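Examining the three-dimensional arrangement
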There are 2 protein chains.
Amino acid sequence: MMYKPIKFTPPQFLALIFICLVTLGGLLLKLPFATEKEISWIDAFFISTSAATVTGLAPIDVGSTFTLFGEIVIMLLIQIGGIGVMAFAVLVVIMLGKKIGMKQRLLMQEALNQPSLGGVIRLVRNLFIFVFIMELLGVIFLVAKWVPEMGWTKGLYYSLFHTIAAFNNAGFALWPDNLSRFVGDPIVNLVITTLIMTGGLGFTVVFDLYYQRRFKKLSLHSKVMLVSTLIVNVLAILAIFVFEYSNPNTLGKLSASEKIWAAYFQGITPRTAGFNTIDIASLQQPTLMLMLLLMFVGAGSTSTGGGIKLTTFIVIVFAVINFIKGKEEIIIFNRTIRNQILFRALAILSISILFIFIATMLLTFTEDAGLMPILFEVVSAFGTVGLSMNFTPHLSSLGKIIIIFIMFLGKMGPLTLVYSISKPEKTKVRYPDGELFTG
Amino acid sequence: MMYKPIKFTPPQFLALIFICLVTLGGLLLKLPFATEKEISWIDAFFISTSAATVTGLAPIDVGSTFTLFGEIVIMLLIQIGGIGVMAFAVLVVIMLGKKIGMKQRLLMQEALNQPSLGGVIRLVRNLFIFVFIMELLGVIFLVAKWVPEMGWTKGLYYSLFHTIAAFNNAGFALWPDNLSRFVGDPIVNLVITTLIMTGGLGFTVVFDLYYQRRFKKLSLHSKVMLVSTLIVNVLAILAIFVFEYSNPNTLGKLSASEKIWAAYFQGITPRTAGFNTIDIASLQQPTLMLMLLLMFVGAGSTSTGGGIKLTTFIVIVFAVINFIKGKEEIIIFNRTIRNQILFRALAILSISILFIFIATMLLTFTEDAGLMPILFEVVSAFGTVGLSMNFTPHLSSLGKIIIIFIMFLGKMGPLTLVYSISKPEKTKVRYPDGELFTG
Ligand SMILES: [K+]
Ligand SMILES: [K+]
């Protein structure tokens, strides 16, 4: 018998690393000195998966359950998981030889043209510098707010934890009501949302912005990300403000300025950040529907966020508008979107919907709850968002295991799908084409 | 100024005819002698749309509300709407010059090769013959059951009405509990489901079967339709039997043989027939989820049914399995499924999901109900199914108008989409290609 070495595709390799990371995290979080009171194995692995996939769903209150050691484990899982996926996504983009559309002097382009070890190392180094600078800035601003209130040790630590959680779009907070106590606080609102959006735009966009500065010179991808992030966020903020204005359990009870901050925060956070300053379970049904959509759409490619990705959504929206208008070519910013890109977008949407449907159906067996809380939990897990209608603590053990799988699939799935669809196709025609009518 | 004649695309033409049909139907149903007691304009147009789109949703009880005249109007709307769409779908297939994969001697193929007026007329004549024979058989069998029970006049009329409703997959019944009183009746169960399936397989499959007889000789489309109809129906019947076995409000209260008949009937009917012999609102949540899927999937192309179509679903299932296995080509019955077909399938799935989402969100504004009854109603309307969790009578006026639009879109949308995607593309490249990362 010949010895056959096991070969991994890059996504399989990433999945393997993630499984190791989650397992290590789960073991560490189950250690006696990681928690104030004992937690179950399932909860330990749930929190570990939720942190490593930068989701933020938690069946137990993180702040009161874990010791400082446990919290630091969670923080590290978030940081490693967040950066890991971001770096992987960037590397896949390079390996596939995509045109990223930046000028030669750009380091990413260099790595692309000289796919040498040196180029890749420089690229990853730049990614780390980007993360470090953004998180340093986040900590500095939060320290200014929290150190006067909590003292140096706790203030610095809380600033670091929530900066890492926010930049990596992880949605974990050390307060039982997440960030609700800061509903009207300008500094916390602005710092957290800025970190969320910087992390969620994606590495390539930020670098493009840094090197090009003028909008006209940006790549199509960056232009689309910037404009659509702005439009989607503004629309979401306005919608939430209007839908919830007179809801006594959410915006209704707040002052005028708190109302604006809460709508602002809650409009930005569903696209995979997962923090909340108002009670999600108390939202009106139309608002929950809007949040389902935002959670499903998610953040940018090569970002710390999840979901089908904003560009996927935009391509499909343009395709639908074209279809209604009877136009054939999708043109965005004077660029034609190739059919292959639309194909990729439709595939991601379809497979995501299928997974969400299957997971929701499984949970209707294991959980005794209405469709909305179940679907909300599933979409939140699949988009690695972390918002919940306070349903996570009430999940059955089987339900928790299902959600663990969905968080994992939600993080790996879209990346793997893009990777496999983007692979250059081998042209081996063995069977004649068959005709199927599908309308 | 030059006079410019208005040109319609075939789908626009079909939509126009439908709008005329629905308007005429609504006006007729609002006539004083059409109803026993006065109905609202919205209800008249709701029933007219529901009948013409062969859906079967009804905010009022058809049997007790309408006079014989009103019921005959409904019956004619069903027959015209059902055959009309079927004929249109077949004509589109021909006009687009698709290979239907049948032998020369087949009349459809003749029409395809000689797209003369004569060929098309012969084709449509065959369609009419097919409908006439199937409905005649349906009436004969039902007459054998109902004439002894109800006498000649009522028995014959009820047989005709329910045959037309069943063959056209329209889901209307003249009893307030739909067909629940026949839950254990073999004749009604078998006749209705046979009509449903014959109408739902699609005209091309039935003709292919008629001319080829041997499975091996059938076209790929026919093979896929026959095998997947069998598999999906068997799985659905088994699932409903297991899920509902001990539910006291559905199968639990029935005898052993009634249980089997009820599961059999309810497993077949959600793929756009829309009849029911058990109470839909009392079903378990997993069963409702399964029905959502079946209603969404629907029947066959060029059939009387709706939904995204069974072949669309099968192509996507194969694509997902391929993706998980890491295989690239979709091969069904030794035929390669071209990427264009997958593209079409993904487009239909995506745009359908978008419409359903938007409609559901709109209804969360207008209706005060949980997500499940609302979503169930929307999917039922979009797939022109007609099943409801007894929610149609409780819809607000605005809600009814929304559902009217969804039924219309559900009937026109997929046809239009297939038509426009199948059109030969003009190759005019004005803008350079742009790159978008969508993963
Ligand atoms: K998150
Ligand atoms: K129907």
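Cut-offs applied
Within every chain, residues take consecutive numbers counted from 1 along the sequence as written. Whichever chain is written first becomes A and whichever ligand is written first becomes 1, with later ones labelled in order. At least 70 in pLDDT is required for a residue's local features to be given in this predicted model, at least 80 for side-chain atom pairs to be given and counted, and no such filter applies to totals for whole chains, interfaces and linings, which use all residues. To get the side-chain values, all heavy atoms of the structure are used, and hydrogens and water are removed first. UniProt positions are given in the numbering used here, feature names are shortened, and annotations may be inferred rather than shown by experiment. Helix and strand assignments come from DSSP, with helices taken as H or I runs of at least 4 residues and strands as E runs of at least 2, each series counted from the N terminus. The buried label applies to any residue whose accessible area, calculated with a 1.4 Å probe on protein chains only, is under 20% of its type's maximum; exposed applies above 50%, and partly exposed to all values in between. Here, two residues are considered to be in contact whenever any of their heavy atoms come within 4.5 Å of each other. Here the coordinating atoms are restricted to nitrogen, oxygen and sulfur within 2.8 Å of the metal centre, or 3.2 Å for Na, K and Ca, and because water is not among them the sites may look incomplete. Scored from 0 to 100, pLDDT records how confident the predictor is in each individual residue. We score Asp and Glu as negative and Lys and Arg as positive, and we do not count His or the chain ends. Just to be clear on terms, a salt bridge is a Lys or Arg side-chain nitrogen sitting within 4 Å of an Asp or Glu carboxyl oxygen. Cavities and pockets were defined on a 1 Å grid built over protein atoms only: a cavity is a set of grid points that admits a 1.4 Å probe from which the probe cannot escape, a pocket is an open set flanked by protein on both sides within 12 Å along at least five of seven lines, and lining residues are those with an atom within 4 Å of any such point. Grid points are joined across faces, edges and corners, and a volume is the space filled by probe spheres set on the points. For this scheme, ten residues count as nonpolar: Ala, Val, Leu, Ile, Met, Phe, Trp, Tyr, Cys and Pro. Four count as charged, namely Asp, Glu, Lys and Arg, and the remainder, Gly too, count as polar. Where helices are involved, their axes are fitted lines through C-alpha atoms of the stretch in contact, as for all axes, and angles between N-to-C directions lie from 0 to 180°. We call two directions roughly parallel when the angle between them is under 35 degrees, roughly antiparallel when it is over 145, roughly perpendicular when it lies between 65 and 115, and oblique otherwise. Definition of nonpolar core: a set of buried residues of the types Ala, Val, Leu, Ile, Met, Phe, Trp, Tyr and Cys, connected through side-chain atoms within 4.5 Å. Paired rings are identified among Phe, Tyr and Trp, the last through its six-membered ring, by centres lying within 6.5 Å, and are further divided according to the angle between planes into stacked (under 30 degrees), edge-to-face (over 60) and tilted (the rest). Lysine and arginine charges are scored as sitting over a ring when NZ or CZ, respectively, is within 6 Å of the ring centre and within 35 degrees of the ring normal. Under the rule applied, a polar contact is a pair of N or O atoms within 3.5 Å (in protein, one hydrogen donor and one hydrogen acceptor; residues adjacent in sequence only if both atoms are side-chain atoms). Each patch is built from residues that are more than 30% exposed by relative accessible area and take part in no salt bridge. Like charges join if they lie within 9 Å; nonpolar side chains (Val, Leu, Ile, Met, Phe, Trp, Tyr) join within 5 Å. Per-residue and other accessible areas follow the Shrake-Rupley method at a 1.4 Å probe size, with only the shown protein chains counted as cover for residues.

If you check an unreviewed UniProt entry, chain A appears there as Trk system potassium uptake protein TrkH from Paranoxybacillus vitaminiphilus. In UniProt, chain A has this text filed under Subcellular location (unreviewed entry): "Cell membrane".

1. Points about the overall build of chain A
Helices and strands together make up the secondary structure of chain A, namely 16 helices and three strands. Every one of the 439 residues in chain A was classed for burial, and the buried ones make up 62%. Relative to all contacts within chain A whose residues are 6 or more apart in sequence, the contacts with residues 24 or more apart total 69%.

2. Comments concerning the coordination of the potassium ion (ligand 1)
Residue and element names in this part refer to chain A. Donor atoms from the polypeptide that coordinate the potassium ion (ligand 1) comprise V54 (O), T55 (O), N169 (O), T272 (O), A273 (O), T384 (O) and V385 (O), at 2.4 to 3.0 Å from the metal. Read in sequence order, the donor residues for the potassium ion (ligand 1) give the motif V-T-x113-N-x102-T-A-x110-T-V. No difference in accessibility class separates T272 from A273, as the two residues are buried.

3. Focus on the confidence of the model for chain A
Residues and elements named next belong to chain A. Overall, the predicted model of chain A reaches an average pLDDT of 83, with 85% of residues at or above 70. Note that residues 97–116 has pLDDT below 50 and, in this model, 45 contacts with residues that lie over four places away or in other chains. Two numbers describe this predicted complex: its pTM, 0.88, and its ipTM, 0.85.

4. Some points on the side chain of A:E71
All names here are of chain A. Tracing the backbone shows E71 in helix α4 (residues 68–95). Here E71 is buried and forms no salt bridge, its nearest opposite-charge partner K154 lying at an N-O distance of 9.1 Å. Apart from residues no more than four positions distant in its own chain, E71 is found in contact with V62, G63, F66, Y157, F161 and L174.

5. Remarks on the environment of A:F203
As for its placement among the helices and strands, A:F203 is situated in helix α9 (residues 203–212). Separated by 72 residues in sequence, A:F203 and A:V131 have C-alpha atoms that sit 9.2 Å apart.

6. Quick notes on the coordination of the potassium ion (ligand 2)
Protein coordination at the potassium ion (ligand 2): the donors are B:V54 (O), B:T55 (O), B:N169 (O), B:T272 (O), B:A273 (O), B:T384 (O) and B:V385 (O), at 2.4 to 2.9 Å from the metal. Taken in chain order, the donor set of the potassium ion (ligand 2) reads V-T-x113-N-x102-T-A-x110-T-V.

7. Points about unusual backbone geometry
Even without being glycine, A:K309 reaches a positive phi, approximately 90 degrees. Here A:K309 lies in the loop between α12 (285–297) and α13 (310–325). When its relative accessible area of 7% is taken as the criterion, A:K309 is described as buried. A positive phi is found at B:F333, a non-glycine position, where the angle reads about 50 degrees. Its place among the elements puts B:F333 in the loop between β1 (331–332) and β2 (335–337). Assessed through its relative accessible area of 34%, B:F333 is described here as partly exposed.

8. Description of empty space enclosed by the protein
Under the criterion given, the structure shown has nine cavities of 30 Å³ or more. Estimated volume of the largest cavity: approximately 740 Å³. Around the largest cavity, the lining comprises 31 residues; the ones closest to its centre are A:I353, A:I356, B:I353, B:I356 and B:L375. For the lining of the largest cavity, the secondary-structure elements that each account for two or more residues are α12, α13, α14 (339–366) and α15 (371–382) of chain A together with α12 (285–297), α13 (310–325), α14 (339–366) and α15 (371–382) of chain B. Among the residues forming the lining of the largest cavity, the class breakdown is 29 nonpolar, two polar and no charged.

9. Observations concerning the packing of α13(B) against α14(B)
Residue and element names in this part refer to chain B. Running from N to C, α13 and α14 cross one another at 110 degrees; their axes reach a closest spacing of 9 Å. Between α13 and α14, the angle is such that the two are roughly perpendicular. Within the contact between the two elements, α13 uses T312, V315, I316 and A319 and α14 uses I341, L342, A345, L346, I348 and L349.

10. Let's talk about helix α9 (residues 203–212) of chain B
Of all 10 residues that make up α9(B), seven are buried, and the element is covered over most of its length. The set of residues buried in α9(B) consists of B:F203, B:T204, B:V205, B:V206, B:F207, B:D208 and B:Q212.

11. A look at the nonpolar core
Among the nonpolar cores identified, the biggest contains 273 residues, and A:I74, A:F275 and B:F275 are the most heavily contacted of them. Not counting chain neighbours up to four residues away, the residues in contact with A:I74 comprise A:L29, A:I47, A:A51, A:V62, A:F66, A:F161 and A:F172.

12. Things to note about the packing of aromatic side chains
All chains considered together, the criterion is met by 27 aromatic pairs over all chains. Judged by centre distance (5.0 Å) and plane angle (75 degrees), the ring pair of A:W175 and A:F182 falls under edge-to-face. With respect to class, A:W175 is no different from A:F182; both count as buried. With a centroid separation of 4.9 Å and an interplanar angle of 75 degrees, the aromatic rings of A:F365 and B:F243 are classed as edge-to-face. With one member in each of two chains, A:F365 in helix α14 and B:F243 in helix α10 (residues 220–244) form a pair that bridges those chains. Every member of this aromatic cluster is reached through a ring pair, and the members are A:W146, A:Y157, A:Y158, A:F161, A:W175 and A:F182. Positioned above the aromatic ring of A:W41 is the side chain of A:K30, whose terminal nitrogen or guanidinium carbon lies 5.3 Å from the ring centre. In this arrangement the basic side chain of B:K259 is found over the ring face of B:Y245, its NZ or CZ atom lying 5.0 Å from the centre.

13. With respect to the environment of A:G298
All names here are of chain A. Looking at where G298 falls in the secondary structure, it is placed in the loop between α12 and α13. Spatially, the C-alpha atom of G298 lies 5.0 Å from that of K309, the residues being 11 residues apart in sequence. Excluding anything up to four places from it in sequence, G298 contacts R271, T272, G306, G307 and L310.

14. Considering the packing of α9(B) against α10(B)
Residues and elements named next belong to chain B. The N-to-C vectors of α9 and α10 enclose an angle of 105 degrees; their axes lie 9 Å apart at closest approach. The orientation of α9 relative to α10 falls into the category roughly perpendicular. On α10, the residues that touch T204, V205, D208 and L209 of α9 are H221, S222, M225 and L226. Classifying every residue of the contact of α9 with α10 by side-chain character gives four nonpolar, three polar and one charged.

15. Overview of the pattern of salt bridges
Going through the model one piece at a time under the given rule, you end up with 10 salt bridges over all chains. Among the ionic pairs, A:E38 bridges to A:K30, the shortest N-O distance being 3.2 Å. The exposure class of A:K30 is buried, given its relative accessible area of 15%. Across the pair B:K400 and B:D43 runs a salt bridge, and its minimum N-O distance is 2.9 Å. With B:K400 in helix α16 (residues 397–422) and B:D43 in helix α2 (residues 41–52), this pair connects stretches of sequence that are 357 residues apart. Among the charged side chains, a network of salt bridges with common partners joins A:K145, A:E149 and A:D185.

16. Observations concerning the side chain of B:K30
Residues and elements named next belong to chain B. Among the secondary structure elements, K30 is positioned in helix α1 (residues 10–30). A polar side-chain atom of K30 sits 3.2 Å from a polar atom in the side chain of E38. Excluding residues within four positions of it along the chain, K30 makes contact with E38, I39, S40, W41 and A44.

17. Considerations on a nonpolar patch on the surface
Residue and element names in this part refer to chain A. Together, I129, F132, I133, L136, L137, I140 and F141 make up a nonpolar patch on the protein surface, roughly 680 Å² of accessible area in all. Locating L137 in the fold gives a position in helix α6 (residues 117–150). Look at L137 and you get partly exposed, because its relative accessible area is 40%.

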